[in-house]
Amino acid sequence: MSVKKNQIIPLQITSLSSDGNGVGRYNGMAIFVPFTAVGDEADVRVVKVCKHHAFGIIETLHQPGADRETPVCPIFSKCGGCQFQHLTYHAELDAKEQFVRDAMLRIGDIDHPVSPILPSPLSARYRNKVQYPLTQDESGAVIAGFYAGRSHRVIPCTDCILQPKLLNEIARTLCALLTQYHISVYREETHTGLVRHLYLRHAITTDQVLVCLVCNGNQLPHSEEICRDLTARHPEVCSIVLNVNRQQTNVITGLQCISLCGNGLLADEMAGVPVELGPLSFYQVNTRGANQLYSVVQTFAELTGKELLLDLYCGAGTIGLSMAAQCQKLIGVEIIPQAVESARQNAERMGVRHAEFFCADAGQATQRLAAQSLHPDVIVLDPPRKGCDSATLQAVLQMNPPKIVMVSCNVSTAARDVRFLCENGYQVQAIQPVDMFPRTKHVEAVIGLIRP
Ligand SMILES: C[S@@+](CC[C@H](N)C(=O)[O-])C[C@H]1O[C@@H](n2cnc3c(N)ncnc32)[C@H](O)[C@@H]1O
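Reading the values: rules and limits
Residues numbered from 1 in each chain as written. Predicted model: local features only at pLDDT ≥ 70, side-chain atom pairs only at ≥ 80, totals over all residues. Heavy atoms only, no water. Core = buried A, V, L, I, M, F, W, Y, C linked by side-chain atoms within 4.5 Å. Buried < 20%, exposed > 50% of the residue type's maximum accessible area, 1.4 Å probe, protein only. Helix = DSSP H or I, 4+ residues; strand = E, 2+ residues; numbered from the N terminus. Domains from an automatic or database assignment. Contact = heavy atoms within 4.5 Å. Near = heavy atom within 4 Å. Polar contact = N/O pair within 3.5 Å; in protein donor to acceptor, adjacent residues only side chain to side chain. Areas by Shrake-Rupley, 256 points an atom, 1.4 Å probe, with all protein chains shown as cover. Nonpolar A, V, L, I, M, F, W, Y, C, P; charged D, E, K, R; others polar. UniProt positions renumbered as here; feature names shortened; annotations may be inferred.

Our focus in this paragraph is the nonpolar core. Val195 and Leu198 are the most contacted members of the largest nonpolar core, which has 82 residues in total. Of all the elements, helix H2 (residues 165-180) adds the most residues to this core, at eight residues. The residue makeup of this core includes at least three contributed by each of domain 2 (92-122 + 286-450) and domain 3 (129-270). Among all residues touching Leu198, those that are not within four sequence positions of it are Val130, Gln131, Tyr132, Leu134, Ala144, Ala171, Leu174, Cys175, Leu178, Cys212 and Leu213.

Here it is as structure tokens:
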């Protein structure tokens, strides 16, 4: 017997799905309910019915599960950022470890033990980057916040518990300055107005802050006064950049950056690599977590000083450079030109002369390197969420490295790609989940593979 929309059903939550929902069964049908915990007993209102499953929301919670704790943030469950503030961090970690195990088994067909997940050194205020969309209230005051889940409605918030307090304070000052100087805010519906997002980055080792105003235009009225007032209030602000994004798109940043103050860069250190980077380069958002993540990569790579290391999807070069002293030659490949420039400068600052960085699509670059008979000893793959494309994986097989270390923030696509590598001669040696994103459903994993 199926369920109907708006029907209220009694439900016990028995597990968590990888998108963060609690799962219970009603008449044999899986019902997904957000913001629930294993052991919850509740009356649930069915809000959407699909062929084999349905979605519901809690109407009345009769018996809370043992893993529940009170969320700290007043807009938890309204803002789309966090999925797990209602769980103890311990329960969240157990769930994430299970997500990795499930993905490897179901998608990857890999029945290999998964090591206990490494917790994030900080479970709150761990992020080094925030991107606030803006809105205005009835009086015209500029307000920063976050999008509600699966929508572009801005929920006001400048005290996000995932961000350092400093970034929240700078966002509040910026909102006050934009209001004071009557700067317009972008409206998606009409594609009018100027400032779209406030994008802030914090360096934990230098305490510097990079401020980026993403604008539907290439000029910010009163930019001199705004820069002067902002840096006077927050001396940590080292650079202020205007990023031009005139597209009608969900992508936050555009390609052009104009420096309004400072050199447009932020100085930090990650896993021993002195980094300088602008707004367009990828940078791991949890610096302390990344130090831990990279040390797992180093352990799996087992470099001895004689190897050729190929770091694919290398961003600002941080993974490869953190192991530069343990290899004979390092080659990095990355598609964003500014990130490649950062990688080259980072290598120079470290005095590393045996590293080369190419600005190219990973698929095209690896095909070219394979055609040149390049045979790396270790390949690190750290692709974006969509995983590796088949051109890259085919070229990796052609290069035939004895060792591959896959790093991924999306275990579903990682499991798919690892399956392909295993079907073509590789063997999983170790699977290490790492929590880089506490309070959210996202989990990182490092998978070590060898060619036996
Ligand atoms: C998850 S990040 C990893 C970055 C880096 N390994 C690190 O730890 O900071 C993925 C990187 O892949 C880059 N990227 C995305 N698509 C790419 C492609 N087709 N070819 C090469 N790089 C790509 C992104 O710009 C981003 O820097």
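Still to come is the rest of the account.
Around the ligand there are 17 residues in total, and Gln284, Tyr294, Glu334, Asp361 and Ala362 lie nearest to it. One nitrogen or oxygen atom from the side chain of Gln284 is found 2.8 Å from an oxygen atom belonging to the ligand. Between the ligand and Asp361 there is a distance of 2.8 Å, counted from a nitrogen atom to a side-chain nitrogen or oxygen. Contact with the protein chains covers 89% of the free accessible surface of the ligand, which is 600 Å². When its residues are assigned to classes, the shell around the ligand shows eleven nonpolar, three polar and three charged.

Another point: the UniProt feature "domain: TRAM" (unreviewed entry) in the protein. The positions that UniProt labels "domain: TRAM" (unreviewed entry) are, in the present scheme, residues 2-60. In residues 2-60, helix accounts for 0% and strand for 58%; the two terminal C-alpha atoms are 21 Å from one another.

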